[in-house]
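The lines below spell out each chain.
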Amino acid sequence: MASFNAAFCYLLAGSSPNFTIDILLGETYTCVDNEGDTTFEADDVVIVNGELLPPNTLFDYLGFFDGGWIGKLQAGFLGYLLTNTAYAGGTSIPMTTGTFTTCFLAGTRIATPEGERPVEALSIGDHVLGADALARPVRWIGRQTVVSVFADPQRNFPVRITAGALGDNTPSRDLLVSPDHALLVDGLLVQAGALVDGVAVRHEPAPAERFTWYHIELEDHALVLAEGAPAETYVDHVTRRRFDNFAEYEALYGAEVPAIPELELPRVKSARQLPAAVRARLDARAAAIGAVTRAA
């Protein structure tokens, strides 16, 4: 039976979305749902061993922090963090609910003046190349871990854009982005979910039990080259507090910062908003790269 094994279980003080670790209990727990299988959904995780949480007690899922699961007993009010990472008492635990991701999947290659680099290898101060060929310094790299069993597949799982689906050598290899992440397509900022045709652009299953998205923040909202395709950087459609490493950002820049204005380009959020001429061109691209065009 597959399971989620947590090396540590922490009792949390406070309430959502910001908890603080109270004490470390150091127990190991195995979690299955109340039907004894591993098709986890919110409100059905059962703790089946260990002394902290009584066996067969329903554990309400609340969210996650850096890959760990946050929840509470249905019969109580205390919050718990089950995780494989050790933390010191008093650590702030900003909870993420997983309702959004607008990022690049780990492993995505981003153009820099020195060549392409995986997004997770970028650091503050590194330079990335924009679609306009200008080098811009990275202000921050936001990181968001998704726990697959609790995530909404339509919002949180990757969209795969097949190499060449947007144009000649664009992207240069398959590009995996979150559904709400926008790319520049025919002068429009088109969110990846709006491009899905089930063939050349398609929803993917969860890459792993946990997987990580990375977002690049520059001084402005810009287009960087991700696998050779122009894709947006961070813009204030989402709050930085929802990233796992917001504490790092706050320590560097403070909680209150000027908003980053969006590029003055039309944004396409759904397939029905995509102009017919653009869809026709993309269907032609799908045929050109050997994919079967979508059903009318």
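Above this text you will find the structure in question.
What counts, and where the lines are drawn
Residues numbered from 1 in each chain as written. Predicted model: local features only at pLDDT ≥ 70, side-chain atom pairs only at ≥ 80, totals over all residues. Heavy atoms only, no water. Helix = DSSP H or I, 4+ residues; strand = E, 2+ residues; numbered from the N terminus. Buried < 20%, exposed > 50% of the residue type's maximum accessible area, 1.4 Å probe, protein only. Contact = heavy atoms within 4.5 Å. Pairing = 2+ DSSP bridges. Core = buried A, V, L, I, M, F, W, Y, C linked by side-chain atoms within 4.5 Å. 1 Å grid on protein atoms, 1.4 Å probe; cavity = no way out; pocket = protein on both sides within 12 Å on 5 of 7 lines; lining within 4 Å. Points joined across faces, edges and corners; volume = space filled by probe spheres on them. Nonpolar A, V, L, I, M, F, W, Y, C, P; charged D, E, K, R; others polar. Salt bridge = Lys/Arg side-chain N within 4 Å of Asp/Glu carboxyl O. Phe/Tyr/Trp six-rings, centres within 6.5 Å; stacked < 30°, edge-to-face > 60°. Lys NZ or Arg CZ within 6 Å of the ring centre and 35° of its normal.

Draft legend 1. Structural context of the overall build of the chain. Along the backbone of the chain there are 4 helices and 24 strands. In the chain, buried positions account for 48% of the 296 residues. Taking as baseline every contact in the chain between residues at least 6 positions apart, the subset at least 24 positions apart corresponds to 61%.

Draft legend 2. Representation of the pairing of strand 11 (residues 109-112). Two strands pair when backbone bridges link them, and strand 11 and strand 12 (residues 115-118) are joined in this way by 4 bridges, in the antiparallel orientation. Paired with Arg109 across the bridge in strand 12 is Pro118. Hairpin connection from strand 11 to strand 12: 2 residues lie between these consecutive antiparallel strands.

Draft legend 3. Here's a closer look at the nonpolar core. Counting residues in each nonpolar core, the largest one holds 36 residues, and the members touching the most others are Phe104, Ile110, Ile161, Leu183, Val190, Leu195 and Ile216. In terms of nonpolar packing, the next biggest core, distinct from the first, is built from 14 residues, Cys103, Leu105, Trp213 and Ile260 among them.

Draft legend 4. Spatial organisation of the pairing of strand 7 (residues 68-73). Among the 6 residues in strand 7, 5 count as buried, and that is most of the element. Strand direction decides the pairing type here: strand 7 and strand 8 (residues 79-83), joined by 4 bridges, are antiparallel. Of the residues in strand 8, the one forming a bridge with Gly71 is Tyr80.

Draft legend 5. Here's a closer look at empty space enclosed by the protein. Enumeration over the complete set of coordinates arrives at 1 cavity of 30 Å³ or more. As a volume, the largest cavity reaches approximately 40 Å³. Partitioned by chemical class, the residues of the lining of the largest cavity number 6 nonpolar, no polar and 2 charged.

Draft legend 6. Region of the structure containing the pattern of salt bridges. Using the criterion set out here, one finds 18 salt bridges in the structure. One salt bridge connects Arg173 with Glu227, and the closest N-O pair in it is separated by 3.0 Å. On the criterion of sequence distance, the pair formed by Arg173 in the loop between strand 16 (159-161) and strand 17 (175-177) and Glu227 in the loop between strand 22 (223-226) and strand 23 (229-232) is long-range, its members being 54 residues apart. Three or more residues are tied together by salt bridges with common partners; here these are Arg109, Glu116, Arg173 and Glu227.

Draft legend 7. Fine view of unusual backbone geometry. With an omega dihedral of -10°, the bond running from Thr170 to Pro171 counts as a cis peptide bond. Note on placement: Pro171 falls in the loop between strand 16 and strand 17. Phi is positive for Ala133, which is not a glycine, with a value near 70°. Within the secondary structure, Ala133 is located in the loop between strand 13 (127-129) and strand 14 (135-137). On the basis of relative accessible area, Ala133 is assigned to the exposed category, the value being 60%. Phi at Asn169 takes a positive value of approximately 60°, unusual for a residue other than glycine.

Draft legend 8. Summary view of the packing of aromatic side chains. Counted according to the given criterion, the structure contains 10 aromatic pairs. With centroids separated by 5.9 Å and ring planes inclined at 70°, the aromatic side chains of Phe157 and Phe211 adopt a geometry described as edge-to-face. Taken together, the residues span a long stretch of sequence, with Phe157 in the loop between helix 1 (153-156) and strand 16 and Phe211 in strand 21 (residues 210-217) at a distance of 54 residues. The exposure class of Phe157 is buried, given its relative accessible area of 10%. Among the aromatic side chains, those forming a connected cluster through ring pairs are Trp140, Tyr234, Phe243, Phe246, Tyr249 and Tyr253. Sitting over the face of the ring of Tyr253, Arg139 holds its NZ or CZ atom 3.8 Å from the ring centroid.

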